Structures are given as structure tokens and as C-alpha cells.
Amino acid sequence: TGSAKSTYEDLEWIVELEILIKKAYEIQKPILGICFGHQLIAQALGGTVEKNKKGWELGSNSIIINDNGFLSPLFKSILKDDYFYMSHQDIVIKLPKHAIELAYNEMGNQAYSINNFIYGVQFHPEFSYEVTSKYATLRYDRGIIKNKPNVLKSDSSYNVINNFIKN
């Protein structure tokens with residue numbers, strides 16, 4: 001899921017993960033990348049990741065699921081107006097060549113697919129309301145962010161993981 005590091009840092013373990021992602025792509029091994037995983041898959045397969053000039057996306061936020069997203073099995077049973085848990089400051093600014101955007105918001109890309117076996121989501125479907133609230137409080141209390149973000153309950157985002165497993 002997440003990492004305290006950024007994909008564009010020149011670290012041996014990141015380079016090794018990129019090699020594994022390329023191999024998985026070649027043999028069509030299904031992957032669901034969440035947050036850092038979303039970013040690393042994009043970078044490994046030709047996309048670009050940067051620190052978001054708009055700052056942190058933390059707490060819960062809405063996303064816009066586009067037509068491709070609604071057709072994707074990844075977003076089956078996801079409520080259109082739901083909230084999604086966020087905790088990141090890096091963002092995919094350029095998708096890989098064969099990637100199809102599935103969702104976005106004002107902060108940038110939130111989901112993509114590559115050939116219907118690799119998926120990336122910027123948000124955290126594995127987080128609960130309690131975990132997200134704790135992340136927001138910790139980052140605020142430590143002075144990492146200036147304003148404590150609002151955390152609204154998600155009713156369906158966890159289905160992304162179930163949908164990936166069933167697909």
C-alpha cells in the first residue's frame with residue numbers, strides 16, 4: 001500500500017520492485033497497486049510520478065469515476081457519491097502508454113487499468129474510517145499538515161479489493 005518513500009527516489013529496493021512489476025506485466029500477472037503501489041506501477045511501465053504541487057491529499061475525498069471506470073469490474077458496487085480514504089502527497093501526472101484512466105479528482109488521477117489485469121488506485125480501499133482518522137490526527141499533531149482534514153465515512157470503497165479478487 002503506502003510508503004514513507006517516493007517512487008522517484010533512487011533506492012535499490014524501488015528499482016528492484018520496478019523490475020518485478022515489468023516481469024509481472026510481461027506474464028500478465030494481475031496486480032492491484034494501492035497508493036505507493038499505484039504510483040510505482042505507473043512509473044515502472046512508463047508513467048511519471050511527482051510530488052503534487054497542490055499538496056497533501058489526506059482524510060477522505062470524493063472522486064469522479066469516468067465512463068471507463070463504471071465499465072471496469074474494479075468499480076462494481078462502488079457508490080458514485082461515496083468518499084474515499086486518502087493519505088499521499090505524490091501523484092501520477094502521466095499514465096503509462098496503455099493505461100486507461102478510470103477515476104480522478106481535482107488533485108489528479110485516482111485510478112487506472114492496464115489491459116484489465118493491472119490496476120492502480122491512489123486512494124486506500126484497505127483503510128477503515130478509524131485508520132484514516134488516526135492518520136489525519138497524527139499528521140496534524142506532528143505539524144506535517146496545517147489543517148486537520150475532515151474524514152467522512154466511506155460506505156463502498158472497500159469493494160475495490162473484493163472486486164479485484166473476484167476479477
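Structural data are supplied above this passage.
Residues numbered from 1 in each chain as written. Predicted model: local features only at pLDDT ≥ 70, side-chain atom pairs only at ≥ 80, totals over all residues. Heavy atoms only, no water.

Draft legend 1. View of helix H1 (residues 12-26). With 15 residues, H1 should cover 21 Å at 1.5 Å per step; its first-to-last C-alpha distance of 21 Å lies within 8% of that length. If you check which residues of H1 are buried, you get Ile14, Glu18, Ile21 and Ala24. Buried residues along H1 cover an arc of 120 degrees about the axis, so they all sit on one side. Across from the buried face of H1, at angles greater than 90 degrees, the exposed residues are Glu12, Leu20 and Glu26. On its buried face, H1 sits against strand E1 (31-34) and helix H2 (36-44). Just beyond H1, the residue with positive phi is glutamine 28, at close to 60 degrees. (Helix = DSSP H or I, 4+ residues; strand = E, 2+ residues; numbered from the N terminus. Expected span 1.5 Å × (residues − 1). Buried < 20%, exposed > 50% of the residue type's maximum accessible area, 1.4 Å probe, protein only. Arc of directions from axis to C-beta. Contact = heavy atoms within 4.5 Å.)

Draft legend 2. Region of interest: the sheet that holds E1. Strand order in this open sheet of five strands is E1-E9-E8-E7-E4, and the pairing throughout is mixed. In this open sheet, the two edge strands, each paired with only one partner strand, are E1 and strand E4 (64-65). Relative to strand E7 (residues 99-105), E4 runs antiparallel, the two being bridged by two bridges. Residue isoleucine 65 lies in a different strand from E7, and its bridge partner there is alanine 103. (Pairing = 2+ DSSP bridges.)

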